[in-house]
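Understanding the architecture of this molecule
What follows is each chain in one-letter form.
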Amino acid sequence: MSEYDLVCDVCAITMEPRDAVVTWVSKADGREEQDFTLAHIACAPPGATNRKEVKLLVGPNTFLEFVSDRFGKANPDPDPLRANPAEMDSLRAASFGAEPGVKFGAPAAAGAAANPKDEGGK
Ligand SMILES: [Zn+2]
C-alpha cells in the first residue's frame, strides 16, 4: 500500500477513485451531518442518506463544492474524521524522505533514540 492509497473504511482494502464513494448521514433538519465514510461503492453503508462518488470529488471544482457544502453543518461525532497524529508524523516525515520523530539532518538512528518527540497536531 503506498502512502496516498485510498483505503475502504468498511473492508480496509485499497481502492481506485472510480470504485469509491463518500457517504454520510444527514439529519432531517439539514443542520447536522455525521457518519462520513469512504468506501467501495459495493461496501457503502446502507444507512447513509447521502453519497458522492469519489471520481467526481477529485476535480478541483467539485471538491471545493463538496467542502463548501459542509460549512455551517455540525458533526456531532467528528472523531473518525480526525487524522491520527502518529500517522500524520509518518506522512510528513515520508514527504521529506526522513524518518518519523527524527529532526531534519540528524542521523536517523541517534535521533530516533535520543529525541522521540511528537510535534503532531497540538
Ligand atoms: Zn470495501
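Described in the following lines is the structure provided in the data block. (Residues numbered from 1 in each chain as written. Predicted model: local features only at pLDDT ≥ 70, side-chain atom pairs only at ≥ 80, totals over all residues.)

Along the chain, the regular secondary structure elements total 4 helices and 5 strands. Moving toward the C terminus, one meets the helices and strands of the chain in the order β-β-β-β-β-α-α-α-α. Looking at the chain residue by residue over its 122 residues, the buried ones come to 6%. (Helix = DSSP H or I, 4+ residues; strand = E, 2+ residues; numbered from the N terminus. Buried ≥ 20, exposed ≤ 12 C-beta atoms within 10 Å, placed from the backbone.)

In terms of nonpolar packing, the biggest core is built from 5 residues, these being Cys8, Met15, Ala20, Val21 and Ala39. Sequence-distant contacts of Ala20, defined by excluding residues within four places in its chain, comprise Leu6, Met15, Leu38, Ala39, His40 and Val54. (Core = buried A, V, L, I, M, F, W, Y, C linked by C-beta atoms within 7 Å. Contact = placed C-beta atoms within 7 Å.)

Turning to the sheet that holds strand β3 (residues 20–26), a few remarks are in order. A sheet is described by the order of its strands in space; here 3 strands give the open sequence β4-β3-β5, paired in antiparallel fashion. If you trace the sheet from one side to the other, it starts and ends with β4 (33–40) and β5 (50–53), each paired once. Across the sheet, the mean angle separating the axes of adjacent strands is 20 degrees when strand polarity is ignored. Summarising the sheet, β3 and β5 pair through 4 bridges and their orientation is antiparallel. Across the sheet, residue Val21 finds its bridge partner in β5, namely Glu53. (Pairing = 2+ DSSP bridges. Axes fitted to C-alpha atoms, helices over the stretch in contact; angles between N-to-C directions.)

As a further point, take helix α2 (residues 60–70). The buried fraction of α2 is low, at 0 of 11 residues. Following α2 by one or two positions, Gly72 has its phi on the positive side, about 80 degrees.

In this section: the environment of Pro76. Residue placement: Pro76 occurs in the loop between α2 and α3 (85–95). Sequence spacing of Pro76 and Glu33 is 43 residues, and the spatial spacing of their C-alpha atoms is 7.6 Å.

Moving on, we get to the environment of Leu81. Along the chain, Leu81 falls in the loop between α2 and α3. Take Leu81: there are 9 C-beta atoms within 10 Å of it, and that puts it in the exposed class. Separated by 44 residues in the primary sequence, Leu81 and Thr37 place their C-alpha atoms 9.0 Å from one another.

Turning next to the pairing of β4. Bridging between β3 and β4 involves 6 bridges; their strand directions are antiparallel. Directly across from Val21, in β4, lies its bridge partner Ala39.

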